[in-house]
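# Structure assessment
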Amino acid sequence: SGALVDVLDPFKQHNVNMLQLARHPIPGVKWEYLFLIDIEGHKNEEKVKEALSQVRERVLKVEILGSYPVAVL
């Protein structure tokens with residue numbers, strides 16, 4: 001109970017805006033899910049690095065699928 005909140009809390013603590021959360025069941029494993037989280041910020045930003053570091057301590061695996069700098073117009 002509350003495991004998802006515990007994983008997402010570092011984003012709140014470090015003021016990292018979460019844009020999207022998607023949940024997908026892991027095939028062949030009952031009651032375990034893969035979560036895809038879309039956040040605002042680049043992986044090299046200090047607040048994002050800190051949040052991801054804390055998330056890594058709480059889950060089995062973290063994989064960054066993409067991280068793109070904000071375009072300056």
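Shown above is the structure to which this text applies.
Residues numbered from 1 in each chain as written. Predicted model: local features only at pLDDT ≥ 70, side-chain atom pairs only at ≥ 80, totals over all residues. Heavy atoms only, no water.

## Concerning the nonpolar core
Rules: Among the buried residues, those of types Ala, Val, Leu, Ile, Met, Phe, Trp, Tyr and Cys that are joined through side-chain atoms within 4.5 Å form a nonpolar core. Only protein chains enter the calculation, and the probe is 1.4 Å; a residue is then buried if its accessible area is under 20% of its type maximum, exposed if over 50%, and partly exposed in between. Counting from the N terminus, the helices are DSSP H or I runs at least four residues long and the strands are E runs at least two residues long.
Membership of the largest hydrophobic core is limited to 9 residues, which are Val-7, Leu-8, Phe-11, Val-16, Ile-39, Val-48, Ala-51, Leu-52 and Val-55. Secondary structure elements with two or more residues in this core: helix H1 (3-13) and helix H2 (46-56). Among the elements that take part in this core, H2 stands out by supplying 4 residues, more than any other.

## Some points on the environment of Phe-35
For clarity, the cut-off: It only takes one pair of heavy atoms within 4.5 Å for two residues to be counted as in contact.
Within the element layout of this structure, Phe-35 appears in strand S2 (residues 33-39). Sequence separation of Phe-35 and Ala-22 is 13 residues, and the distance between their C-alpha atoms is 5.6 Å. Ignoring sequence-local partners within four residues, the contact set of Phe-35 consists of Leu-4, Leu-21, Ala-22 and Arg-23.

## A short note on H1
What sets the pattern is the α-helix's 3.6 residues per turn: residues three or four places apart point alike. Where we set the bar: Starting at the helix axis, one direction is taken to each C-beta atom, and the arc is that of these directions.
Three or more residues of H1 are buried, namely Val-7, Leu-8, Pro-10 and Phe-11. In a view along the axis of H1, the buried residues occupy a sector of 130°, so they form one face of it. Exposed and facing more than 90 degrees away from the buried side of H1 are Val-5 and Lys-12. Looking at the buried side of H1, the elements it contacts are strand S1 (18-25), S2 and H2. Asn-15 sits one or two positions beyond H1 and adopts a positive phi of about 60°.

## A closer look at the pattern of salt bridges
Oppositely charged side chains are able to pair whenever their charged atoms sit close together. Just so we agree on the cut-off: Here, a salt bridge means any side-chain nitrogen of Lys or Arg that lies within 4 Å of a carboxyl oxygen of Asp or Glu.
By the definition in use, this model includes 2 salt bridges. Of the charged contacts in the structure, one is a salt bridge between Glu-46 and Lys-49, with a shortest N-O distance of 3.9 Å. Taken together, the positions of Glu-46 and Lys-49, both in helix H2 and 3 residues apart, correspond to about one turn of that helix. On the basis of relative accessible area, Lys-49 is assigned to the partly exposed category, the value being 40%. Ionic pairing is found between Glu-63 and Lys-61, a salt bridge with its closest N-O pair at 3.4 Å. Take Glu-63 and Lys-61: they sit in the same class, and that class is exposed.

## Quick notes on the packing of H1 against H2
The test is simple: Between the N-to-C directions of two axes lies an angle of 0 to 180 degrees, each axis being a line fitted to C-alpha atoms and, for a helix, fitted only over the stretch in contact. The labels follow the angle: roughly parallel below 35 degrees, roughly antiparallel above 145, roughly perpendicular from 65 to 115, and oblique for the rest. Note on convention: the crossing is left-handed when the near helix lies turned anticlockwise from the far helix by less than a right angle, right-handed when the turn is clockwise. All residues other than Ala, Val, Leu, Ile, Met, Phe, Trp, Tyr, Cys, Pro, Asp, Glu, Lys and Arg, Gly among them, are scored as polar; the first ten of these are nonpolar and the last four charged.
Look at H1 against H2: their axes get within 8 Å of each other, and the N-to-C directions meet at 165°. Here H1 lies roughly antiparallel to H2, going by the angle between them. Viewed along their axes, H1 and H2 form a crossing whose handedness is right-handed. Touching Val-7, Pro-10, Phe-11 and Gln-13 of H1 are Ala-51, Leu-52, Gln-54 and Val-55, all from H2. For the contact of H1 with H2, the class distribution of residues is 6 nonpolar, 2 polar and no charged.

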